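Here are the chains, one letter per residue:
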Amino acid sequence: MSFINQKLKIYAVAVLGSGMFLACAQTKNAVVSKPAKEVSQSGKIVPTNLKWSERMMLSEMQRFPEAWMLDFSKSPKWTYPSAIVLDGAEQLYIKTGNKQYYDYISEFGEKLIKEDGTILTYDLEKYNIDMLNSGNVLLYLYEKEKKDKYLKALQTLRLQIEGQPRTKEGSFWHKKIYPYQVWLDGLYMGMPFYTHYTKDFVKGSEADKAYNDIILQFESVQNNLLDKKTGLLYHAWDESKEQAWANKETGLSPNFWGRAMGWYGMAMVDVLDYLPENHPGRAKLISYIKSYSDAVIKYQDKKSGLWYQVLDKPLANGNYEEATASAMFVYTMIKSVNKGYLPKSYKAAAKKGYDGIIKNLITVDENGVVNLNKCCAVAGLGGKPYRDGSYEYYVNEEIRSNDGKGTGPFILASLEFEK
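Residues numbered from 1 in each chain as written. Predicted model: local features only at pLDDT ≥ 70, side-chain atom pairs only at ≥ 80, totals over all residues. Heavy atoms only, no water.

Q: Please give an account of the nonpolar core that cites residues and values.
A: Core analysis: the biggest nonpolar cluster contains 132 residues, and Trp78, Phe218 and Tyr264 have the highest contact counts within it. Among the elements that make up this core, the one with the highest residue count is helix H11 (residues 323-339) (ten residues). Contact partners of Phe218, with chain neighbours within four places excluded, come to Leu187, Met191, Tyr264, Ala267, Met268, Val271, Leu285 and Tyr288. (Core = buried A, V, L, I, M, F, W, Y, C linked by side-chain atoms within 4.5 Å. Buried < 20%, exposed > 50% of the residue type's maximum accessible area, 1.4 Å probe, protein only. Helix = DSSP H or I, 4+ residues; strand = E, 2+ residues; numbered from the N terminus. Contact = heavy atoms within 4.5 Å.)

Pasting the structure below:
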């Protein structure tokens, strides 16, 4: 073979190889980077000149090309973390008009709700209050698209509220498999949906009855889970006092878990978005937000501005500054200031917390993708293996980055600061 022919052959192989590589790269890119279709002029997938709200949202869409993946899910299933991030996507779409945010939300509804209104993987009979939270996404999509399948799915979720087991005074059990137990988490999982659904679909005396029921949930929690000494609320309460984690006299779980308190704050501030202006329960919720925020600020780290996994034991062995709770507290307080529920003086604590998150818990990859670190993956009580609610239990649960239970509240808090 001549030298020229040999060179041509090598060149042809190289071109073919690079073409195949490019095709593979493009195929892979279409799957992995679907929402972030263009690399910015700076050469970064997520441009660094955007506000933090968009930077984190675009980063989430890069990590999780479809919204059902936001809970690190391997296949589509009806869970609650996606809805928190999609709340941020909804607000960003309103703010920017960027259709990729809307498409991200819309595709979630298309994937999870069948044409007959059946919700993928959802089981009404489990009466798990966590399952109501993603109903917020469907309320938004039905408002925008008026698809019958979303209305049917919403009616199914509302049916769950009718049958949800309750304590003697009417407080919802967290799940049917956790009898007589009220968890702080449940207020966020169920009450914004319950209030929003009522505002959109229920009128007259039936609406009044629903709003009163919603306020009752918060009153019951204040009566049964509040520690008057610290102003903090315990993670859970067992009316029957039978659980191994429950105090035999009070029925309370033994610790103040950061994220449980975070859920509760977000529940109050989000319910107020839909509770009628003239409802007497508004004044109650606003008074609860004030006492809640005062307690939260007391346990804010003076140096970093952050909050700990177990709120009242910052110096105990193994405790750490936790991202999801910190983002939730910041969101609750800054939104409350913006809405006029809290005096402007509370903005300083919220800003200190927000700056602390950015300084201590946020990292940015070379391609511009933003990460939120030190998120508690999950924590609960009871179940198998049994979770005893001890200090050691909480600090030894898995810690991970980019959990939707942290990135969602961070996006929402960022949007409040960017107003």
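Here the narrative resumes.
Q: Now, about the packing of H11 against helix H14 (residues 404-417): what can you tell me, with residues and values included?
A: For the pair H11 and H14, the least separation of the axes is 8 Å and the interaxial angle reads 25°. The orientation of H11 relative to H14 falls into the category roughly parallel. The crossing of H11 and H14 is left-handed. Between H11, through Thr324, Ala327, Met328, Val330, Tyr331, Ile334, Lys335 and Asn338, and H14, the contact on the second element is made entirely by Lys405, Gly406, Pro409, Phe410, Leu412, Ala413, Glu416 and Phe417. A per-class count over the contact of H11 with H14 returns ten nonpolar, three polar and three charged. (Axes fitted to C-alpha atoms, helices over the stretch in contact; angles between N-to-C directions. Parallel < 35°, antiparallel > 145°, perpendicular 65-115°, else oblique. Left-handed = near helix turned anticlockwise from the far one by under 90°. Nonpolar A, V, L, I, M, F, W, Y, C, P; charged D, E, K, R; others polar.)

Q: Would you mind going over H11 in detail, with residue names and values included?
A: Between its first and last C-alpha atoms H11 spans 24 Å; for 17 residues at 1.5 Å apiece the expected length is 24 Å, and the two agree. In terms of burial, H11 is a largely internal element, 15 of the 17 residues being buried. Once H11 ends, the next one or two residues include Gly340, with phi positive near 85°. (Expected span 1.5 Å × (residues − 1).)

Q: Hey, could you go over the side chain of Asp185 for me, with residue numbers and the actual values?
A: For Asp185, the position within the fold is in helix H7 (residues 184-201). No salt bridge is formed by the buried Asp185; its nearest oppositely charged neighbour, Arg259, is found at 6.3 Å. Within the structure, Asp185 has its side chain in polar contact with the side chain of His235 (distance 3.1 Å). Not counting residues within four places of it along the chain, the set of residues in contact with Asp185 comprises His174, His235, Trp257, Ala260 and Trp263. (Lys, Arg positive; Asp, Glu negative; His and termini not counted. Salt bridge = Lys/Arg side-chain N within 4 Å of Asp/Glu carboxyl O. Polar contact = N/O pair within 3.5 Å; in protein donor to acceptor, adjacent residues only side chain to side chain.)

Q: Quick one: what's the story with the pattern of salt bridges, residue by residue and with numbers?
A: Tallied over the entire structure, the rule returns 23 salt bridges. Ionic pairing is found between Asp294 and Lys290, a salt bridge with its closest N-O pair at 3.0 Å. Taken together, the residues span about one helical turn, with Asp294 and Lys290 both in helix H10 (residues 281-298) at a distance of four residues. Of the residues examined, Asp294 reaches a relative accessible area of 29% and is grouped as partly exposed. Between Lys351 and Asp355 there is a salt bridge, with its nearest N and O atoms 2.8 Å apart. Of the two residues, Lys351 and Asp355 are both situated in helix H12 (residues 347-360); the distance of four residues between them amounts to about one turn of the helix. In the salt-bridge network here, residues are joined through shared partners; they are Glu110, Glu115, Glu145, Lys147 and Lys149.

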